[in-house]
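# Commentary on secondary and tertiary structure
Now for the letters of each chain:
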Amino acid sequence: MTEHINFLLLGLGNGAVYAALAMALVVTYRSSGVLNFATGALALHAAYTYAYLREGLLLNPIPPFAPTIELGGKLAFFPAMLIAVGIEALVGVLLYVTVFRLMRNAVPVAKAVASLGVTIVLTALLAEQAGTSQTLVNPIFRPHTYTIGDVRIIGDRLWFAVAIIGVALVLGAVYKFTPFGLATRAASETEVGALVSGVSPERIAVVNWAISAAVCGLAGVLIAPLVSLIPGTYTLFIVPALAVAVLGRFTSLTAAVAGGLALGMLGSEAVFLKGDYAWLPKSGVPELIPLILVLVVLVARGKPLPTRGTLVQQTLGRAPRPHRVGVPLVIASSVALIALFTMQGSIRAALIYTFIVAVISLSLVVVTGYAGQISLAQLTLAGVAGFLLSGMTTSWSVPFPIAPILAAFGAMAIGVVVGLPALRIRGLLVGIVTLTLAVCLEALWFRNPDFNGGAKGARVVPPKLFGLDLGIGAGQGYPRPAFGVLCLVVLVLVALGVAKLRTSTLGSAMLAVRANERSAAASGISVVRVKLMAFAIGAFIAGLGGALLAYQQQTITFQSFSALGGLSLFTTAYLAGITSVAGGLLAGVIAGSGIFYVLLDRRVDIGDWFPIVTGGLLIFTVIKNPEGVVGPLHEQIARRRAKKAAAGISAPVDVTETERAASPAAALPRVVPTTEPLLVVGGLTVKYGGVVAVDEVSFTVPEGLIVGLIGPNGAGKTTIMDALCGFTACRGRVSLGAIELDGLAPHRRVRSGLGRTFQGIDLYEDLSVIENVVVGQFLKSSGRRLISSHDYDAVNDALDELGLLSRRDDVVRDLSQGQRQLVSIARALVGEPRLLMLDEPAGGLDTTESAWLAERLRRVRDVGTTILLIDHDMSLVLALCDLIHVLDFGQLIASGTPDEIRVDPRVSAAYLGSTHAEPVVAR
């Protein structure tokens, strides 16, 4: 038992580092909403600054100026520490003013990517100015060992932990008891509220960035004697720091510090256990602990779908729909093929590497660009396929092309496992999980000699097909064009597949999930299945790229598939344009060691400047153009298409009321209502903690009628709709016809006959009108086939009925509020629901538009669709509905016809008031 305690205490040093960096993460996130991946790089910079100050030198990280400035003498610990921490605080202010202040209104993923760019630039600058050799730092605390019985505590680690706890106590007191702390909490809740209170959110953010960077600096100084000081060493400290920051929800300093210390101690204990239990892996067990922590905390707290009121932000730029990809792809492929046979040596090798990286980048286009899942593990999944390929070709003699395909399927299986947490979490939290998993897999597998990893690497047998050698070769024949042709063929097939995916029903469903999971589920989409399919497809593509990379290297090592390399790949793809096929292809071109780098290096000897330049360009691009380098190109192409379309149409297409009356759809006879209950709600109760939002509500919706559900704000109307759709947990009985809906997932309720629109409309901004509406067909095709022409007839009928046919190819962001309302109704209608539930469909419409909408809804009812309507436009409700149910404070207070509701005193008292005591609208 004593040995276990000793090893736990030995981990206090690492735990203090995790705690300090987690504190910095919490401070930055609370004040400016930035998940700062550059936290480790800031600590590294402070550590170098301190080490040089102790030697009487001031580090200058800006090339091409001299790397150091003589100070005339060595500095003692306290002056050196104070100066290093002060410099880091200034760096924090500089970063906020020049980068993150400009991104105050940017989405969280853009801010995180910018911080990755800062990491790249700062680390590369330190490598350029300080060199890559190890820098030694004298101990700060006495390495004396304290002994209590058989328990031994190493002094430097103990006092390090005490210092960090002291900093946490001081920070906690500042944020809890001072006006500045109160102002910080106010600004983190709402900037508008802070401004109204006379607090400047910008000034608060500047001070907090200084504090955050100073904490990073202190951590870097204190750990410098304990950890080898080499550029890049501190970068991955961000992973355990993120894990414990997640534990505190990025708001609690106490949880961050306690979790960090505990995580460091558990990691040390894991190292000790490896000696006692031979079955434990030789490496990777300490890295497994942050992964388990992140998974347990996030998955336990997460929900399958966001709740109502959750802020849903578009995380990425537009994903443009490809048009006529065949011609540009043939031209580009022809140029690449000619280059393969005309280039030689390192240039040909760089071109081949470009093909391979482009394949892996296209996996990010699928997972992140289309489905919106922030995956930082795609290079790791490529590594899974690479190491599997080694075993298949060397130990099992599996031939080409079966071996790489099987390896890609193996990566796909791991990719699905990676995607499982995304079923309950979303956004940057998915990125944290995937990064933690990438670090774990690298340590547990790629670095482990027990699992064909390790420093020696894993050999791969070259590919051969029908006796033809497709390998990359060796010696003077390296690299052989045949291998380049193989890589090019795979890239072309993958690019075509990803482009086709974007235009398919499944691709539209992915973009719907990316935009709004609740709305996607209301369209009949299984959000769970779409996410898993995205991870599976992306992992398979990454696996193909990993197999090609293994064939190219012939002996693969963990360096080729490191977690840091995965971060670099993600930033490169984001810089190029992560939402499009063109961006994925460009990512391969501009990748380090790719064709652009090699050609540029031959002309200007860019060398170590390349990561500095690319990191700077990444920051600039994220600020100015979140859609990447290819974004302006797509914008220009879209404008040209719009001009051509406008030139080809002499006048807007419109359907007059006379033409509409003569159309086949309008000529259909009205379906006579049966007045039998279609929807039966019994004893419906919804509670949020101790608050009862809906209290034992029971009502029916007869088939073939328009039924209103009205009441004052907060009466529980939308909550009832959420409960009926399965978005909110509830008690009671809900049935649609003969189908019991209790316990069914939202998308299964839609497939049972429910259709739903939302008060916030919740359209998919990246999609055109027709694509938004086609998403509603996903419940028919179930993602197994592309939408058929017969289905498009139904879509066009719905658009025609609602007057949207002339806008079918327009992007929804260009529509008016009223037109957007109609698109949401059309999207629900194409699923052919038995019951269509409309939440505020007249929101934002004027009187004339509301009257026009009422006519359309009557037509929908007349052809057999029952409607349950929520709206605050009483003129619309009273004129349109056949039956009305009235809610107040979560209880049903009245039901009846519009005439009965007008004169009901309970309704007048609760909602309508005296102005509606007499009929005001002719029916």
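The structure we're discussing is the one just above.
Residues numbered from 1 in each chain as written. Predicted model: local features only at pLDDT ≥ 70, side-chain atom pairs only at ≥ 80, totals over all residues. Heavy atoms only, no water.

So, on to the overall build of the chain. Helices and strands together make up the secondary structure of the chain, namely 38 helices and 18 strands. The proportion of buried residues among the 923 residues of the chain is 55%. Across the chain, every contact between residues at least 6 apart in sequence was considered, and the portion connecting residues at least 24 apart equals 74%. As displayed, the chain offers around 37600 Å² of accessible surface, 63% of which is attributable to carbon and sulfur atoms. (Helix = DSSP H or I, 4+ residues; strand = E, 2+ residues; numbered from the N terminus. Buried < 20%, exposed > 50% of the residue type's maximum accessible area, 1.4 Å probe, protein only. Contact = heavy atoms within 4.5 Å. Areas by Shrake-Rupley, 256 points an atom, 1.4 Å probe, with all protein chains shown as cover.)

Let us look at the pattern of salt bridges. Opposite charge on two side chains makes pairing possible when the charged atoms of those side chains draw close. Throughout the structure, instances matching the rule amount to 14 salt bridges. In this structure, Glu202 engages Arg101 in a salt bridge whose closest nitrogen and oxygen atoms are separated by 2.8 Å. Taken as a pair, Glu202 in helix H9 (residues 201–223) and Arg101 in the loop between helix H4 (77–100) and helix H5 (108–130) lie far apart in primary sequence, 101 residues in all. Judged by relative accessible area, Glu202 falls into the partly exposed class, the value being 27%. Glu740 serves as the salt-bridge partner of Arg733, at 3.3 Å between the closest nitrogen and oxygen. With relative accessibility at 39%, the residue Arg733 sits in the partly exposed group. (Salt bridge = Lys/Arg side-chain N within 4 Å of Asp/Glu carboxyl O.)

Ordered by their spatial adjacency, 4 strands build an open sheet running E10-E9-E12-E13, and the pairing between neighbours is antiparallel. In this open sheet, the two edge strands, each paired with only one partner strand, are strand E10 (691–702) and strand E13 (739–740). Sheet topology note: the strand E9 (residues 677–688)/E10 ladder contains 8 bridges and is antiparallel. Within the sheet, the bridge partner assigned to Leu684 lies in E10 and is Val697. Lying over the sheet, helix H29 (residues 717–725) contacts E9, E10 and strand E12 (731–736), oriented at roughly 110 degrees with respect to E9. (Pairing = 2+ DSSP bridges. Axes fitted to C-alpha atoms, helices over the stretch in contact; angles between N-to-C directions.)

With respect to the helices and strands, Thr700 occurs in strand E10. The class for Thr700 is partly exposed, based on a relative accessible area of 31%. Along the primary structure Thr700 and Ser735 are separated by 35 residues, whereas in three dimensions their C-alpha atoms are 9.8 Å apart. In contact with Thr700, not counting residues within four places along its chain, are Pro677, Leu679, Val680, Leu883 and His885.

Moving on, we come to the packing of aromatic side chains. Aromatic rings in a pair are described by how distant their centres are and how their planes are angled relative to each other. On inspection of all chains with the given rule, the structure shows 19 aromatic pairs. Directly above the ring of Tyr175 sits Arg30, whose terminal nitrogen or CZ lies 4.8 Å from the centroid. The ring of Phe758 carries the charged tip of Arg756 above its face, separated from the ring centre by 4.3 Å. (Phe/Tyr/Trp six-rings, centres within 6.5 Å; stacked < 30°, edge-to-face > 60°. Lys NZ or Arg CZ within 6 Å of the ring centre and 35° of its normal.)

Another aspect to go through is H29. Across the 9 residues of H29, 9 count as buried, placing the element largely inside the fold. Three or more residues of H29 are buried, namely Lys717, Thr718, Thr719, Ile720, Met721, Asp722, Ala723, Leu724 and Cys725. A positive backbone phi angle near 90 degrees is found at Gly726, which sits one or two residues after H29.

Quick look at the pairing of E9 now. Here E9 hands over to E10 after 2 residues, with Gly689 in that stretch at a positive phi of 65 degrees. Sheet topology places E9 next to E12; 5 bridges connect them, and they run antiparallel. Its bridge partner lying in E12, Gly682 is registered against Arg733.

The next point concerns the packing of helix H13 (residues 326–342) against helix H18 (residues 481–503). Relative to each other, H13 and H18 sit at 165 degrees, their axes nearing to 10 Å. By the angle between their directions, the pair H13 and H18 is classed as roughly antiparallel. Crossing angle aside, the handedness with which H13 passes H18 is right-handed. Of the residues in H18, those touching H13 at Leu329, Ser333, Ala336, Leu337, Leu340 and Phe341 are Pro481, Gly484, Val485, Leu488, Val492, Ala495 and Leu496. Residue composition of the contact of H13 with H18, by class: 11 nonpolar, 2 polar and no charged. (Parallel < 35°, antiparallel > 145°, perpendicular 65-115°, else oblique. Left-handed = near helix turned anticlockwise from the far one by under 90°. Nonpolar A, V, L, I, M, F, W, Y, C, P; charged D, E, K, R; others polar.)

Time to look at unusual backbone geometry. Cis peptide bonds are those with omega within 30 degrees of zero, and the linkage from Pro63 to Pro64 qualifies with 5 degrees. Mapped onto the secondary structure, Pro64 falls in the loop between strand E1 (57–59) and strand E2 (68–70). Residue Pro479 follows Tyr478 across a cis peptide bond; omega there is -10 degrees. Relative to the elements of secondary structure, Pro479 occurs in the loop between strand E7 (468–469) and H18. Of note, the phi angle at Gln554 is positive, near 70 degrees, even though the residue is not glycine. With respect to the element layout, Gln554 can be found in the loop between helix H21 (527–553) and strand E8 (555–556). Overall, Gln554 belongs to the partly exposed group, its relative accessible area being 27%. Although it is not a glycine, Phe889 adopts a positive phi angle of roughly 50 degrees. Within the secondary structure, Phe889 is located in the loop between strand E17 (883–888) and strand E18 (891–896).

At a minimum axis distance of 10 Å, the contact between helix H14 (residues 345–370) and helix H22 (residues 563–576) shows a crossing angle of 75 degrees. Of the possible angle classes, the one that applies to H14 and H22 is roughly perpendicular. The segment H14 lies against H22, with Val357, Ile360, Ser361, Leu364 and Thr368 engaging Leu569, Phe570 and Ala573. Of the residues belonging to the contact of H14 with H22, the class tally is 6 nonpolar, 2 polar and no charged.

What follows deals with the side chain of Thr621. Looking at the secondary structure, you find Thr621 in helix H25 (residues 609–624). Once you skip the residues sitting within four places of it in the chain, Thr621 turns out to touch Leu575, Pro626, Gly628 and Val629.

Glancing now at the environment of Ile87. Counting through the fold element by element, Ile87 comes out in helix H4. Judged by its relative accessible area of 25%, Ile87 is partly exposed. Sequence separation between Ile87 and Gly217 is 130 residues; the distance between their C-alpha atoms is 8.4 Å. Once residues lying within four places of it in the same chain are set aside, the contact partners of Ile87 are His45, Thr49 and Leu58.

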